Amino acid sequence: MLKRAKVLIVDDDPLNRLVLEKTLQQDYDVFCVESGEKALTFLKTQTVDLLILDIVMPGIDGYEVLTKLKESATTSMLPVIFISANTSHDDEAKGLELGAMDYITKPFSAAIVRARVRNQLLIKQKNDLLEMLASIDGLTEIPNRRYLDENLAREWRRCRRDQTPLSVLLMDVDHFKRYNDCYGHRAGDDCLKQIAHALVGACERGSDFVARYGGEEFAAVLPNTSAKEAMSFANKLRNAVNDLNIPHKASLNAEHVTISIGIATTENGQVYAEQALLEEADLGLYQAKDAGRDQIVSRMIAVNEHE
């Protein structure tokens, strides 16, 4: 494994928990809880790579836990191995039909548990790699529009829940068509790569997110970022591109490549949809370009007029 995987064991029997933990702790980071309720609470704030889940427990049973996990976007793809004293084929079939990846019967063999856990984690690793590749822009090697939309939707839900600010930036390379016409498309591709890396390199917080929006446009999602802070960050991005000093003799506003930026901010989550932020940022970008390019225009969404 490229990283040490995290495994959560859910079993009301303390001896089973202890044996499973000792079986796996040499190879993985292992966490244990004794009920379905505690498992769901744990997974609200923690992420794991695999869940080993007992079926028969006081309170909510393993089947119900799995059902709830499948209903949540954040845990729906979490691989689950059921472990149970029930040896009925009907019980096993029910677990697999609900979405469990495997089923181990008690009493269990430590070697079998290790092998099945390893197999499921290898499958997850491959799936994660495929998902990552599907979310990366082939040219610039930074996140693509699909990943941007997913990230923005997630951060929008968070800002609405926590009533925290959220800012979105849209950036456009000024006079890029003229650049391609002047220097050729291969040079244009190289220009976009340099800009992408400069934008990503300017991100210092782990939560700041930059993606290729399409063509010569880029976007940034900035959680917990006020309009004033977003303007400061936009200036940092603008300066990062200016510092590349990529010659652009066909530009109508500078001798080197520049970008224009539109900003949209909601200070307390009061916006009816995440796409409204993109639309406002796009209006800001239009105004920045109309003002002569190499400019930044910020727009505020103060209240939700659609609810």
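Note that the coordinates shown come from a computational prediction; the quantities given were computed from them, not determined experimentally.

1. Some words on the sheet that holds strand β9 (residues 259–266)
Part 1 of the reasoning: On the basis of which strands lie adjacent, the open sheet formed by five strands has the order β7-β8-β6-β9-β10 and mixed pairing. Single-partner strands in this sheet number two, and they are β7 (209–214) and β10 (296–301). With strand direction ignored, the average angle separating the axes of adjacent strands in the sheet is 20 degrees.
Part 2 of the reasoning: Looking at chain direction, β7 and strand β8 (residues 217–223) are connected through five bridges and run antiparallel. If you follow F209 over to β8, its bridge partner there is V221.
Part 3 of the reasoning: Contacts between helix α6 (residues 145–162) and the sheet are confined to β6 (166–173), β7, β8 and β9, with β7 contributing the most and set at about 130 degrees to the helix.
Part 4 of the reasoning: Across the sheet, helix α8 (residues 185–201) touches β6, β7, β8 and β9, and the angle it forms with β8 is around 10 degrees.

2. Focus: the UniProt feature "domain: Response regulatory" (unreviewed entry) in the protein chain
Part 1 of the reasoning: Using the residue numbers shown here, the UniProt feature "domain: Response regulatory" (unreviewed entry) corresponds to residues 6–121.
Part 2 of the reasoning: Helix makes up 46% of residues 6–121 and strand 21%, with an end-to-end C-alpha separation of 10 Å.

3. Digging into the environment of A230
Part 1 of the reasoning: The residue A230 is located in helix α9 (residues 227–244) in this model.
Part 2 of the reasoning: For A230 and K124, which are 106 residues apart along the polypeptide, the C-alpha to C-alpha distance reads 36 Å.
Part 3 of the reasoning: If we skip the residues at most four places from it in the chain, A230 touches S167, L169, L222, T225, I263 and T265.

4. Some details on unusual backbone geometry
Part 1 of the reasoning: Note that the residue after K106, namely P107, is joined by a cis bond; omega there is -5 degrees.
Part 2 of the reasoning: Within the secondary structure, P107 sits in the loop between β5 (102–105) and α5 (110–134).
Part 3 of the reasoning: Its identity is not glycine, yet Q163 carries a phi of approximately 55 degrees, on the positive side.
Part 4 of the reasoning: Examined against the element boundaries, Q163 turns out to sit in the loop between α6 and β6.
Part 5 of the reasoning: On the basis of relative accessible area, Q163 is assigned to the partly exposed category, the value being 42%.
Part 6 of the reasoning: Not every positive phi belongs to a glycine, and R293 is a case in point at roughly 70 degrees.
Part 7 of the reasoning: Residue position: R293 is located in the loop between α10 (274–290) and β10.

5. A closer look at the state of the cysteines
Part 1 of the reasoning: As enumerated under the stated definition, the model contains zero disulfides in all.
Part 2 of the reasoning: Counting only cysteine sulfurs, C203 is the nearest neighbor of C159, a cysteine outside any disulfide, at a range of 19 Å.
Part 3 of the reasoning: In this model C203 remains outside any disulfide bridge; the closest cysteine sulfur is found in C191, 18 Å from its own.

6. Concerning the packing of helix α7 (residues 176–183) against α8
Part 1 of the reasoning: Where α7 meets α8, the axes come as close as 7 Å, and the angle between the chain directions of the two elements is 135 degrees. Considering their axes alone, α7 and α8 lie oblique with respect to each other. Contacts between α7 and α8 involve F176, Y179, N180 and Y183 on the former and, on the latter, H185, A187, G188, C191 and L192.
Part 2 of the reasoning: Its residues assigned to classes, the contact of α7 with α8 shows six nonpolar, three polar and no charged.

7. So, the sheet that holds strand β2 (residues 29–33)
Part 1 of the reasoning: Pairing within the open sheet is parallel, and its five strands lie in the order β2-β1-β3-β4-β5. Two strands lie at the open edges of the sheet, namely β2 and β5, each paired on one side alone. Taken pair by pair, the neighbouring strands of this sheet meet at an average axis angle of 20 degrees, ignoring direction.
Part 2 of the reasoning: Running at roughly 155 degrees to strand β1 (residues 6–10), helix α2 (residues 36–45) makes contact with β1 and β2 of the sheet.

8. Comments concerning the pairing of strand β4 (residues 80–84)
Part 1 of the reasoning: Judged by how many residues are buried, β4 sits mostly within the fold: five of five residues are covered.
Part 2 of the reasoning: What you see with β4 is no split at all: V80, F82 and S84 on one side and I81 and I83 on the other are buried throughout.
Part 3 of the reasoning: Sheet topology note: the strand β3 (residues 50–54)/β4 ladder contains four bridges and is parallel. Bridge pairing in β4 places L51 opposite V80.

Parameters and conventions
- Residues numbered from 1 in each chain as written.
- Predicted model: local features only at pLDDT ≥ 70, side-chain atom pairs only at ≥ 80, totals over all residues.
- Heavy atoms only, no water.
- Pairing = 2+ DSSP bridges.
- Helix = DSSP H or I, 4+ residues; strand = E, 2+ residues; numbered from the N terminus.
- Axes fitted to C-alpha atoms, helices over the stretch in contact; angles between N-to-C directions.
- Contact = heavy atoms within 4.5 Å.
- UniProt positions renumbered as here; feature names shortened; annotations may be inferred.
- Buried < 20%, exposed > 50% of the residue type's maximum accessible area, 1.4 Å probe, protein only.
- Disulfide = S-S within 2.5 Å.
- Parallel < 35°, antiparallel > 145°, perpendicular 65-115°, else oblique.
- Nonpolar A, V, L, I, M, F, W, Y, C, P; charged D, E, K, R; others polar.

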